[in-house]
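Chain residues, written in single-letter form:
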Amino acid sequence: MGRGGLQAGASGPVARAIRAKLRAALQPTHLQVLDESPRHAGPPGAESHFAVVVVSGRFAGLPPLQRHRLVHSVLRAELAGPLHALAIVARTPEQWGADPHVPPRPACLGGAKHERRRREEEEEEEDAGGDTR
């Protein structure tokens, strides 16, 4: 396991499919596939949250939204199935050469888990106050 719950160079079946499809479709000069699933709620071994860094000449002339749409189209089957979240850094080789820095990923707030915890805390506070009748 890598830093902060990331599995760099992830090698599960979903990670391998992501890597293979992006290589075939985009011929990247640089590709990172990071399994961020351990940072999120879910069963152990779940491959549901990923971040990819894709550097490809195919992105030349495309605005960021179009680049993301291109990556999404390549991974359509995974996004319809096991892949719940995908963070994308999509750059041209020139952009990557000028700035190979990838911004840090924000911490997971837990989504529904976070909301459930907040509701439980509110209920505990109400119960602690009790009924004074």
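An unreviewed UniProt entry annotates the protein as BolA family member 1 of Dromaius novaehollandiae. Quoted verbatim from the Sequence similarities (unreviewed entry) field of the UniProt record, the comment on the protein reads "Belongs to the BolA/IbaG family."

(A) Layout of the environment of Q66. In this fold, Q66 is placed in helix 2 (residues 64-74). A sequence separation of 24 residues divides Q66 from A90, and the C-alpha atoms of the two residues are 9.9 Å apart.

(B) Quick peek at the side chain of E78. Within the element layout of this structure, E78 appears in helix 3 (residues 76-80). By relative accessible area, which is 8% here, E78 ends up buried. With residues near it in sequence (within four places) discarded, E78 still touches A17, I18, K21 and L83.

(C) Representation of the environment of H84 in the model. Within the element layout of this structure, H84 appears in the loop between helix 3 and strand 4 (85-91). On a C-alpha basis, the gap between H84 and S37 in space is 9.5 Å, while along the polypeptide they are 47 residues apart. When residues no more than four places from it in sequence are discounted, the contact partners of H84 are S48 and H49.

(D) Structural detail: the pattern of salt bridges. Under the criterion given, the structure shown has 1 salt bridge. Between K21 and E78 there is a salt bridge whose closest N-O contact spans 2.9 Å. Residue K21 is found in helix 1 (residues 13-26), and its partner E78 is found in helix 3; the two are separated by 57 residues along the sequence. On the basis of relative accessible area, K21 is assigned to the partly exposed category, the value being 31%.

About the criteria used
- Residues numbered from 1 in each chain as written.
- Predicted model: local features only at pLDDT ≥ 70, side-chain atom pairs only at ≥ 80, totals over all residues.
- Heavy atoms only, no water.
- UniProt positions renumbered as here; feature names shortened; annotations may be inferred.
- Helix = DSSP H or I, 4+ residues; strand = E, 2+ residues; numbered from the N terminus.
- Buried < 20%, exposed > 50% of the residue type's maximum accessible area, 1.4 Å probe, protein only.
- Contact = heavy atoms within 4.5 Å.
- Salt bridge = Lys/Arg side-chain N within 4 Å of Asp/Glu carboxyl O.

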